[in-house]
Structure formats: structure tokens, C-alpha cells
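Understanding the architecture of this molecule
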Amino acid sequence: MNNRMQILTNGIIKENPLMALNIGLCSSLGITTSIFNGIGMGMGMTFVLLMSEIVISTFRKHIPSSIRLPVFITIIATFTTIVQLVLQAYVTALYDALGVFLPLIVVNCIIMGRVEAFASKNTISNSILDAIGMGIGYTMILVAISFVREFLGGGTIFAGTALKLELIPEAYRIGVLNSAPGGFIVFGVLGAAMQALKQHAAAKKENAK
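First, a word on scope: everything that follows refers to the structure included in this document. (Residues numbered from 1 in each chain as written. Predicted model: local features only at pLDDT ≥ 70, side-chain atom pairs only at ≥ 80, totals over all residues. Heavy atoms only, no water.)

What follows deals with the overall build of the protein chain. Of regular secondary structure, the protein chain possesses eight helices and two strands. Its C-alpha atoms give the protein chain a radius of gyration of 18 Å, within 12% of the compact-globule value 17 Å for 209 residues. Within the protein chain, residue pairs in contact and separated by at least 24 positions form 73% of the contacts whose partners lie at least 6 positions apart. Accessible surface for the protein chain amounts to roughly 11100 Å². Of this, 69% is attributable to carbon and sulfur atoms. (Helix = DSSP H or I, 4+ residues; strand = E, 2+ residues; numbered from the N terminus. Rg over C-alpha atoms; globule rule 2.2 N^0.38 Å. Contact = heavy atoms within 4.5 Å. Areas by Shrake-Rupley, 256 points an atom, 1.4 Å probe, with all protein chains shown as cover.)

In C-alpha cells:
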């Protein structure tokens, strides 16, 4: 039970793909100008990761090592296409907002890294927990970055939806946060905050000894 809980929580905290492993950064900085985009990308990526890990874990013993990468990419591309078609048909605004970053889920380092390092070597149940944990961790950081950039940079919350609220007058918005450098700034601040928390926890644990 403890081992399974560790697998689930690894992706959320200890091995968070964005903050700890620093992979999959392109989409996190490219689409996080609104919470709507962050949630949409997070859910899409989580679905692709979950389904890919399930399929690859199921057939891991039957996939020859010499062709495993082409097989993995084909499986990931299949589920990415499903996400694209569903969004294009039912959530057009999100499909348009995510743009090229949606098909780029196929080559997202998080997905390829997890199916190669985890799903191809572990059971289906453990792979499901790994995918859920990684997906939650990824989505949490996307939403956090999106919230800061949308609120301080655009002065709004939930832009692109019927729940849109304008909270900060245009004159007081930090416009740079809506640009690419703004994404790096917010990501850097969050990364520094997480490192500070880790160091504080480590120091507290050391003092307790």
C-alpha cells in the first residue's frame, strides 16, 4: 500500500515533471496565458499519458526492444489524435488556443519518458498510478503558472469561458507576463519557491536528528 501511494505522489511532489525533472517545459510556457488553457492542456496530456501507459504496460512483454520506440510513438500519437479530434469537435475555443502545442503532445518528454522508464517495466495498476500522479503534478503547475500570468498579466480569471472575470484595470496589469519572457519569469519564481521549501524541509529534518 505504501509503495503504491509513493508511486502516486512521486509525480505530484518529489518527481514533479515540471518543477523537479524540468521536462515538458515547451507547452507549460507556451500555453499558460490563461487558466482555461492550463486545465485543458493538463487534462489532455493526462489522458494521453494514462491511456499510453495502460496499453504499453499491458503489452510490454510482447513489444520487441528493437522496435519499442516506434511502437511507443504510434500508441501515443493515436491517443493524441483522439484528444485533438474531440477538442476540435466539442471544445473549439480550447482547440484553437492550444494550437500547435496540442499535436506536440506526441513528442512531449513527460509521456515518452514515463512510458519508457516506467510503463514498459511495471504492472498495469502501478502504471495507472504513475500516470495519474504525473498528470496531477503537471496540471497543478500549469494551473499555478496560468493563474499568475492571467491574473497579473491579463487582469482576468477564466478568460475564454462564460465565467470570465476582469479584476485588474488595464493600467495596473503587468503586460510582460503575457509574453514568452513572462512565462520564464513565473516558472523561475515557482521553481525557486519549491527549492526553498525543499531546503527548509531538509534542514528541519536534519535539525530533528
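Among the secondary structure elements, M43 is positioned in helix 3 (residues 35–58). Residues M43 and Y138, 95 residues apart in the sequence, show an inter-C-alpha distance of 9.4 Å.

Turning our attention to the pattern of salt bridges. Enumeration according to the criterion identifies five salt bridges in this entry. One salt bridge connects D130 with R114, and the closest N-O pair in it is separated by 2.7 Å. Taken together, the residues span a long stretch of sequence, with D130 in helix 7 (residues 124–154) and R114 in helix 6 (residues 109–119) at a distance of 16 residues. As far as the burial class goes, D130 and R114 line up, both buried. We note a salt bridge from R173 to E166, for which the minimum N-O separation is 3.6 Å. The partly exposed category is assigned to R173, whose relative accessible area is 25%. Its relative accessible area of 57% is what places E166 among the exposed residues. Overlapping salt bridges, with partners in common, bring together E15, R114 and D130 in one network. (Salt bridge = Lys/Arg side-chain N within 4 Å of Asp/Glu carboxyl O. Buried < 20%, exposed > 50% of the residue type's maximum accessible area, 1.4 Å probe, protein only.)

Here we take up the packing of aromatic side chains. Overall, the coordinates contain two aromatic pairs when judged by the stated rule. Between the aromatic rings of F147 and F151, the centroid separation amounts to 5.6 Å while the plane-to-plane angle is 10°, which identifies the pairing as stacked. Remark: F151 and F147 occur in helix 7; sequence separation between them is four residues, near one turn of the helix. By relative accessible area, F151 is classed as partly exposed at 24%. (Phe/Tyr/Trp six-rings, centres within 6.5 Å; stacked < 30°, edge-to-face > 60°.)

This next bit is on the environment of F147. A relative accessible area of 40% places F147 in the partly exposed class. Between the alpha carbons of F147 and I157 there is a distance of 7.4 Å; along the sequence they are ten residues apart. Each residue touching F147, except ones within four places of it in the same chain, is listed here: I35, L152 and I157.

With that settled, the discussion passes to unusual backbone geometry. Even without being glycine, N22 reaches a positive phi, approximately 55°. The residue N22 is located in the loop between helix 1 (2–10) and helix 2 (25–30) in this model.

Moving on, we get to the packing of helix 6 against helix 7. At a minimum axis distance of 11 Å, the contact between helix 6 and helix 7 shows a crossing angle of 155°. Our classification of the angle between helix 6 and helix 7 gives roughly antiparallel. As for the relative orientation of helix 6 and helix 7, their crossing is right-handed in sense. Across the interface between the two elements, I110, R114, F118 and A119 of helix 6 pack against N126, S127, D130, M134 and Y138 of helix 7. Residue composition of the contact of helix 6 with helix 7, by class: five nonpolar, two polar and two charged. (Axes fitted to C-alpha atoms, helices over the stretch in contact; angles between N-to-C directions. Parallel < 35°, antiparallel > 145°, perpendicular 65-115°, else oblique. Left-handed = near helix turned anticlockwise from the far one by under 90°. Nonpolar A, V, L, I, M, F, W, Y, C, P; charged D, E, K, R; others polar.)

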